[in-house]
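Structural overview
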Amino acid sequence: MPNSLTFDDEHQRIQFETLTLPFTKSIYNTALRLTHRPEDASDLVQETFLRAYRTFSNFTPGTNCKAWLFTIMYSIFVNKYRKAQREPQLVSIEELEEKFHRSLATTEWDGHVARNLREFGTKVDQALSELPESFRLAVLLVDVEEMSYEEAATVLHCPVGTVRSRLFRARKLLFVELQQFAREEGYARSAKV
Amino acid sequence: MAETRHFKEEIQELLDNRLDPEARLEVEKHLELCGECRAESEALRWTKQFSRQQYAAEAAPAKLEENILAALNLDDRRSSHRALPPLSWWPQQRAILAYGLLLCVAIALALSYFILREPLRKSPELVAQQELPVKPELSPPPQPSPESAPSSQRSPTKPKLSPKLKSDAKPQLAAKPKLPTRPELLTKPQLPAEVAQDYRSYKAGKLPLLLQTEDVREMEKFFSEAGITFKTRVFDLGMMNYRLVGGGVHQVINRRSALFVYRGKGDSILVCQMYQGRVTELPAGAVRRENKGIQFHIYRMKGLTVAFWQEGGVICVLTSDVDPEEVVQLAFAKAVKV
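Criteria and cut-off values
- Residues numbered from 1 in each chain as written.
- Chains lettered and ligands numbered in written order.
- Predicted model: local features only at pLDDT ≥ 70, side-chain atom pairs only at ≥ 80, totals over all residues.
- Helix = DSSP H or I, 4+ residues; strand = E, 2+ residues; numbered from the N terminus.
- Buried ≥ 20, exposed ≤ 12 C-beta atoms within 10 Å, placed from the backbone.
- Contact = placed C-beta atoms within 7 Å.
- Nonpolar A, V, L, I, M, F, W, Y, C, P; charged D, E, K, R; others polar.
- Axes fitted to C-alpha atoms, helices over the stretch in contact; angles between N-to-C directions.
- Parallel < 35°, antiparallel > 145°, perpendicular 65-115°, else oblique.
- Left-handed = near helix turned anticlockwise from the far one by under 90°.
- Pairing = 2+ DSSP bridges.
- Core = buried A, V, L, I, M, F, W, Y, C linked by C-beta atoms within 7 Å.
- pLDDT = per-residue confidence, 0-100.

A short note on the overall build of chain B
- Regarding its fold elements, chain B presents 11 helices and 7 strands.
- Within chain B, the fraction of its 338 residues that count as buried is 23%.
- Residue pairs at least 24 apart in sequence account for 55% of intrachain contacts in chain B once pairs closer than 6 positions are excluded.

Written out as structure tokens, the structure reads:
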């Protein structure tokens, strides 16, 4: 900490570090899954903390600091890091339901599948990466970061109902992708076919 | 027989624990009977659990936190050239402004004193009437005159100062407005109000606790590690039905203070602060109580009771809106003569 800081500045700095630094890992994880590049993710995280520090007076003590940081991070990502990427084509809800139920009916899966899939690490990560960004974020915020729908809606600047429907579709898409992967790798048996 | 309605969104709401007990019961009952919905529910539960485990935070790069801190340091250095936000600006400048104001008052008093004196020099009659002192060298030297005329008939140009007048001169001079003496300058009139404000800020949720703990030792360790240079004594008030909820490094009159908070019956709040100082800095207006040879200075600030006492070089202060006597008794119970 620079010596030139006054008591007030120093107090604010201590307060900021105490409240925000515990979320570094979580912010980095989501940043990495958004940018797909560790260097970009590190830069995005640094920029997030810097902006948060500069606007720390806007943070209301007692409110959710993690959601506040994620909101800043997502805003920076959207404005600066998101490239004109080709989003996967969205399937209709009817088509998704059909795929999901076909996958459900034709695959035998159990806890062993999950354990085996984890051995594949980055390959399994691909299933998440292939989800449309908005779906991926819904999974990351609600399932991984354990945020409520309301907190996720704040981060994503969208209504709670949108989070609900994105999550609904994201989980089903992810299930289909993971089962497909498990079948291809021989970790799940085709059944009832 | 009517076709069974399958649940869709309800399954997700159940999975995310967002259903009220009644709806939850209904969905669970349905899942027992409907194999298709049960399979869907299990698949989604599996996916959620898998995501949580598979995509949870990996270790961040080793130097990431270090880089963040370096970026913050750089920003701190740069921000010293920027305008400071009002809240951080005010406490630093307050003392300077106070001294500046005192200096202005002193100059104004000195000027008014000399301005008032000026016409008196030109009107010796008035001087005589008012028995105000006139410096001998400024007045014409008194002529010895055996037949002393009544003062009203004296020549206005040749005032005579009686020995009595001369002897009265000193008290008159001494009666001029006093400049603040050193001990008065050292008192901090805002101190109790500042401490009371901290209590209100905490109660309003504007003063977050950096560490939330019920462990007094952990709290003391935190203060020591957070750079509080004096030894803190975080009280165990369990016997008085107050439990520690946490604390943080704060400041009182621009000095670092260890602030910790207790919650009592009915969610009552008790805020304690410790900082380096002397009770001589406290302003007048305190009710003084003594216990175990320790002087307690108690102020009432708009419904709050603020009790100060000295322990070595440290001032301890308790603030609460509970019954004033309860605050005093808590202070009595925990104060230690050093």
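Back to the write-up after that little detour.
Notes on the overall build of chain A
- Helix and strand counts for chain A come out as 10 helices and 2 strands.
- Taking the contacts inside chain A whose residues are at least 6 apart along the sequence as the reference set, 71% of them involve residues at least 24 apart.

Quick notes on the interface of chain A and chain B
- Contact residues are listed per partner, giving 46 residues for chain A and 45 residues for chain B.
- Counting only elements with at least two residues in the side of chain A that touches chain B, the list comes to α1 (7-20), α2 (24-35), α3 (38-54), α6 (111-118), α7 (122-129), α8 (133-144) and α10 (160-185) of chain A.
- A breakdown of the residues in the side of chain A that touches chain B according to their chemical character gives 25 nonpolar, 13 polar and 8 charged.

Some thoughts on the packing of α8(A) against helix α9 (residues 149-156) of chain A
All names here are of chain A.
- Two numbers describe how α8 lies on α9: the axes approach to 9 Å, and their chain directions differ by 135°. On the basis of their axis angle, the class for α8 and α9 is oblique. For the pair α8 and α9, the sense of crossing is right-handed. Contact residues: α8 offers Leu-137, Ala-138, Leu-141 and Val-142, while α9 offers Tyr-149, Ala-152, Val-155 and Leu-156.
- A per-class count over the contact of α8 with α9 returns 8 nonpolar, no polar and no charged.

Some words on the sheet that holds strand β5 (residues 294-301) of chain B
Residues and elements named next belong to chain B.
- The antiparallel open sheet is built from 7 strands, whose spatial order is β1-β2-β3-β7-β6-β5-β4. For this open sheet the edge positions go to β1 (243-252) and β4 (287-291), each flanked by a neighbour on one side alone. With strand direction ignored, the average angle separating the axes of adjacent strands in the sheet is 20°.
- In the sheet, strand β6 (residues 304-311) pairs with strand β7 (residues 314-320) via 7 bridges, with the strands oriented antiparallel. Counterpart to Ala-307 in the pairing with β7 is Leu-318.
- This element, helix α11 (residues 324-334), spans β3 (269-276), β4, β5, β6 and β7 of the sheet and lies at about 15° to β6.

Digging into the pairing of β1(B)
Residues and elements named next belong to chain B.
- Bridge count for β1 against strand β2 (residues 255-263) is 9 bridges, and the pairing is antiparallel. Note on β2: the bridge partner recorded for Gln-251 is Arg-256.
- If you look at the hairpin formed by β1 and β2, you'll find 2 residues sitting between the two strands, and Ile-253 has a positive phi there, around 40°.

Side note on the packing of α2(A) against helix α4 (residues 65-81) of chain A
Residue and element names in this part refer to chain A.
- At a minimum axis separation of 11 Å, α2 and α4 run at an interaxial angle of 25°. The orientation of α2 with respect to α4, classified from their angle, is roughly parallel. α4 is crossed by α2, and the crossing has right-handed handedness. Contact residues: α2 offers Ser-26, Ile-27, Thr-30, Ala-31, Leu-34 and Thr-35, while α4 offers Lys-66, Leu-69, Phe-70, Met-73, Phe-77 and Tyr-81.
- In terms of residue class, the contact of α2 with α4 is built from 8 nonpolar, 3 polar and 1 charged.

Re α9(A)
Residues and elements named next belong to chain A.
- Counting buried residues along α9, 6 of its 8 residues qualify, which places the element largely inside the surrounding structure.
- For α9, the full list of buried residues reads Tyr-149, Glu-151, Ala-152, Ala-153, Thr-154 and Val-155.
- Contacts from the buried residues of α9 go to α4, α8 and α10.
- Backbone geometry just downstream of α9 places His-157 in the positive-phi region, at approximately 55°.

Quick notes on unusual backbone geometry
- Here A:His157, not a glycine, exhibits a phi torsion of approximately 55°, which is positive.
- Of note, A:His157 is situated in the loop between α9 and α10.

Observations concerning the nonpolar core
- In terms of nonpolar packing, the biggest core is built from 59 residues, with A:Ala31, A:Met73, A:Ala138, A:Val139, A:Leu141, A:Ala152 and A:Leu174 touching the most fellow members.
- Beyond its immediate stretch of four places on either side in the chain, A:Leu141 contacts A:Phe70, A:Met147, A:Ala152 and A:Val155.
- If you look at the next biggest cluster of nonpolar residues, it comprises 43 residues, including B:Phe235, B:Tyr242, B:Ala258 and B:Tyr262.

Brief notes about α8(A)
All names here are of chain A.
- For α8, the tally of buried residues reaches 10 of 12 residues, placing the bulk of the element in the interior.
- Buried within α8 we find Phe-135, Arg-136, Leu-137, Ala-138, Val-139, Leu-140, Leu-141, Val-142, Asp-143 and Val-144.
- One or two residues past the end of α8 sits Glu-146, with phi positive at roughly 60°.

A closer look at the pairing of β6(B)
Residues and elements named next belong to chain B.
- Burial runs high along β6: 7 of the 8 residues are buried.
- Bridging between β5 and β6 involves 6 bridges; their strand directions are antiparallel. Across the sheet, residue Arg-300 finds its bridge partner in β6, namely Thr-305.
- Following β5, the chain reverses through 2 residues before pairing antiparallel with β6; Lys-302 in that reversal takes a positive phi of roughly 45°.
- The antiparallel pairing of β6 with β7 creates a hairpin that spans 2 residues between the two strands, and Gly-312 there sits at a positive phi of about 65°.

Quick notes on the confidence of the model for chain B
All names here are of chain B.
- Taken as a whole, chain B shows an average pLDDT of 75; of its residues, 72% reach a score of 70 or greater.
- Note that pLDDT drops below 50 for residues 83-90; the model gives that stretch 6 contacts with residues more than four away or on any other chain.
- The low-confidence segment residues 119-185, where pLDDT is below 50, has 41 contacts with residues more than four positions distant or belonging to other chains.
- Across the whole predicted complex the pTM is 0.49, and at the interface the ipTM reaches 0.82.

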